[in-house]
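Reading the structure
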Amino acid sequence: MSGTPLDYIGHAAGSRAGAILPLTWFTLVVSIVVIVIIAALVLRASLRFRARGGASETVGVPVERGADGLRWITIGLALTAVPLLVTLVWTMAALAQVAGPPLANPGLVLDVTPHQWWWEVQYNGATPDAIFETANEIHIPTGTKVLVRLHGGDVIHSFWVPRLSGKTDAIPGQNNLSWLDADQPGVYRGQCAEYCGWQHAKMAFEVVAEPPAQFAAWRDHQLADAPQPTTPRIAQGQAIIVYRCGLCHAVRGTDAGARTAPDLTHLMSRRMIAAGVLPNTPGALLGWVQHPQGVKPDSLMPDQHLSGAELTAVGAYLETLR
Ligand SMILES: [Cu+2]
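Given the structure is predicted, the values throughout are model-derived calculations rather than measurements. (Residues numbered from 1 in each chain as written. Predicted model: local features only at pLDDT ≥ 70, side-chain atom pairs only at ≥ 80, totals over all residues. Heavy atoms only, no water.)

1. Some thoughts on the nonpolar core
Most often, soluble globular proteins keep nonpolar side chains buried together rather than apart. Going by this rule: Grouping buried Ala, Val, Leu, Ile, Met, Phe, Trp, Tyr and Cys residues that are joined through side-chain atoms within 4.5 Å yields what is termed a nonpolar core. Buried means the residue's accessible area, taken with a 1.4 Å probe over protein chains only, is under 20% of the maximum for its type, while exposed means over 50%, and partly exposed covers the values in between. Helical segments are the DSSP runs of H or I of at least four residues, strand segments are the runs of E of at least two, and each set is numbered from the N terminus. Should any heavy atoms of two residues lie within 4.5 Å, those residues are counted as being in contact.
Counting 29 residues, the largest nonpolar core has Val112, Tyr123, Ile138, Ile140 and Phe159 as its most contacted members. Those elements giving two or more residues to this core turn out to be strand 1 (108-115), strand 2 (118-123), strand 4 (137-141), strand 5 (146-151), strand 6 (157-161), strand 9 (186-192), strand 10 (204-210) and helix 5 (212-223). When near neighbours in sequence (up to four residues on either side) are disregarded, Tyr123 contacts Leu108, Val109, Leu110, Ala130, Ile131, Phe132, Thr134, Ile138, His139, Phe215 and Trp218. Core analysis: the second largest hydrophobic core is formed by 26 residues, Val251, Leu267, Ala284 and Val295 among them.

2. As for the coordination of the copper ion
This is how the line gets drawn: With water omitted from the atoms examined, metal sites may look incomplete; donors here are N, O and S atoms no farther than 2.8 Å from the metal, or 3.2 Å in the case of Na, K and Ca. Angular criteria define each label, namely tetrahedral for four donors with all angles between 85 and 135 degrees, square planar for four and octahedral for six donors with opposite donors over 155 degrees apart and remaining angles between 65 and 115, and irregular for whatever fails these tests.
Every protein donor of the copper ion is accounted for by His157 (ND1), Cys192 (SG), Cys196 (SG) and Met203 (SD), and the metal-donor separations fall at 2.1 to 2.6 Å. Of note is the copper ion, whose four donor atoms meet at the metal with angles of 92 to 124 degrees in an arrangement that counts as tetrahedral. Taken in sequence order, the residues that donate to the copper ion follow the motif H-x34-C-x3-C-x6-M. A residue pair is termed long-range when its members are at least 10 positions apart, and Cys192 in strand 9 and Met203 in the loop between strand 9 and strand 10 qualify at eleven residues. Across this residue pair, the class does not change: Cys192 and Met203 are buried.

3. Comments concerning unusual backbone geometry
Excluding glycine, residues mostly have negative phi values, and the peptide bonds linking residues are mostly trans. Each neighbour pair has its own omega, and for Gln116 with Trp117 the value is -5 degrees, a cis peptide bond. Mapping Trp117 onto the fold places it in the loop between strand 1 and strand 2. Positive phi values are uncommon outside glycine, yet Asn136 reaches one of about 65 degrees. By the secondary structure assignment, Asn136 is in the loop between strand 3 (132-135) and strand 4. By relative accessible area, Asn136 is classed as buried at 10%.

4. Let's talk about the packing of aromatic side chains
Keep this limit in mind: Any Phe, Tyr or Trp ring, taking Trp's six-membered ring, that has another such ring centre within 6.5 Å forms a pair; planes under 30 degrees apart are called stacked, those over 60 apart edge-to-face, and the others tilted.
The full count for this structure, using the stated rule, is nine aromatic pairs. Look at Phe26 and Trp90: their rings are 5.1 Å apart centre to centre, the planes differ by 40 degrees, and that puts the pair in the tilted class. Here Trp90 lies in helix 4 (residues 68-99) and Phe26 lies in helix 2 (residues 15-51), a separation of 64 residues in the sequence. With a centroid separation of 4.6 Å and an interplanar angle of 55 degrees, the aromatic rings of Trp119 and Phe205 are classed as tilted. Of the two residues, Trp119 is situated in strand 2 and Phe205 in strand 10; the sequence distance between them amounts to 86 residues. Accessibility assignment for this pair places Trp119 and Phe205 in one class, buried. Three or more aromatic residues link up through ring pairs in this structure, and these residues are Tyr123, Phe132, Phe215 and Trp218.

5. Describing the sheet that holds strand 2
Going by this rule: Strands are labelled as partners when DSSP assigns at least two bridges between them. Under this scheme, a helix contributes an axis fitted over its contacting stretch, all axes are lines through C-alpha atoms, and angles between N-to-C directions fall in the 0 to 180 degree range.
Pairing within the open sheet is mixed, and its five strands lie in the order 3-2-1-5-8. Strands with a single pairing partner mark the edges of an open sheet, and in this sheet they are strand 3 and strand 8 (175-180). The average undirected angle you get between the axes of adjacent strands in this sheet is 25 degrees. Pairing between strand 1 and strand 5: five bridges, direction parallel. Bridged to Leu110 within strand 5 is Val148. Lying over the sheet, helix 5 contacts strand 1, strand 2 and strand 3, oriented at roughly 105 degrees with respect to strand 3.

6. Here we look at the pairing of strand 5
Bridge count for strand 5 against strand 8 is six bridges, and the pairing is antiparallel. When the bridges of strand 8 are listed, Val146 appears paired with Leu180.

7. A few points about the sheet that holds strand 7 (residues 165-170)
Here five strands make up an open sheet; going across it, the order is 4-10-9-6-7 and the pairing mixed. Each edge of the open sheet is held by one strand with a lone partner, namely strand 4 and strand 7. In this sheet, neighbouring strand axes are inclined to one another by 20 degrees on average, regardless of whether the strands run parallel or antiparallel. Of the strands in this sheet, strand 4 and strand 10 are in contact with helix 5, which crosses strand 4 at around 135 degrees.

8. Structural notes on empty space enclosed by the protein
For clarity, the threshold we go by: Buriedness for pockets is judged along seven lines, at least five of which must meet protein on both sides within 12 Å for an open set on the 1 Å grid over protein atoms alone, while cavities are sets there where a 1.4 Å probe fits but cannot get out, and lining residues have an atom within 4 Å of a point. Grid points are joined across faces, edges and corners, and a volume is the space filled by probe spheres set on the points. Any residue that is not Ala, Val, Leu, Ile, Met, Phe, Trp, Tyr, Cys, Pro, Asp, Glu, Lys or Arg is counted as polar, Gly included; the first ten are nonpolar and the last four charged.
Applying the stated criterion across every chain, the model contains one cavity of 30 Å³ or more. Taken as a whole, the largest cavity encloses approximately 40 Å³ of empty space. As for the largest cavity, its lining consists of Asn136, Glu137, Phe205, Glu206, Met272, Ala275 and Gly276. Each residue belonging to the lining of the largest cavity can be placed in one class, and the counts come to three nonpolar, two polar and two charged.

9. Some details on the pattern of salt bridges
Counted only if it meets this: Between Lys or Arg on one side and Asp or Glu on the other, a salt bridge is scored when a side-chain nitrogen of the former is within 4 Å of a carboxyl oxygen of the latter.
For the structure on display, the rule yields seven salt bridges. Between Asp263 and Arg252 there is a salt bridge whose closest N-O contact spans 3.6 Å. Of this pair, Asp263 sits in the loop between helix 6 (232-245) and strand 11 (272-273) while Arg252 sits in the loop between helix 6 and strand 11; the two residues are eleven residues apart in sequence, bridging distant segments of the chain. Of the charged contacts, one joins Glu319 and Arg322 as a salt bridge, the two residues approaching to 2.5 Å between their closest N and O atoms. Residue classification places Glu319 among the partly exposed residues on the basis of a relative accessible area of 36%.

Shown next as structure tokens:
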């Protein structure tokens, strides 16, 4: 995660992105070369046109066989066909490489449901007690093919982690498959890539790739319920969260069990809040809880209008959700 911005956009970190990236650079460079050539020809033509005395003499000159003009059209078409053909063949090859998700034997299966404007992520397991839910931060083990089952929710969103994998839409009423893997540990930013309403730009997420042992430890920790309050203030915070926030959010191990907003059970283990928009610091967190509409206007979390004492208690309780 170091180096210049060019390093950042220039290196794929997973096999799926690795198949797409060189093709992207190729088409970009070809497009730039084509634009430069065309601009130069237009410039040259207009300068010559002017040198010959302008409109009065050249209007109505027919394009004739054998004349200069027609030869250029033939050459132009031939030159265009070559890069187009190369792009076509290369695209087919890249598609074949990235399309087939590792259905037969994925190392990990995730169910991801995008919502306006956050990402619901469910980890699957062989038994119900191995299943848990989280939001906006996806942990994966390195060197593992991860199958992502995308479930359409409210409107069309698109799952995109540029350094790991291409875009796959999540369409209401439909399930789409995507997959990704990461060669190296790191934090890779993802972004909704389909305009989905006012806060579309503020609908990011992070993929945290870590060595398998570290991932297993993270997963075990996420399975645990939230701890019970240890002080009266934390208990007050828990009570407020259950009755004020529990109609949208879940905190496993409490009576807050709704699923229309991010699961908060291990909120403090996440680097960012509000779908990659704010760092998960105490100040940003309380600011968000009190006034989310200031950060993401039109977001489906209303401003909370807690009193100072209530907000302090809520903060103390949230702090325990590690
Ligand atoms: Cu979206």
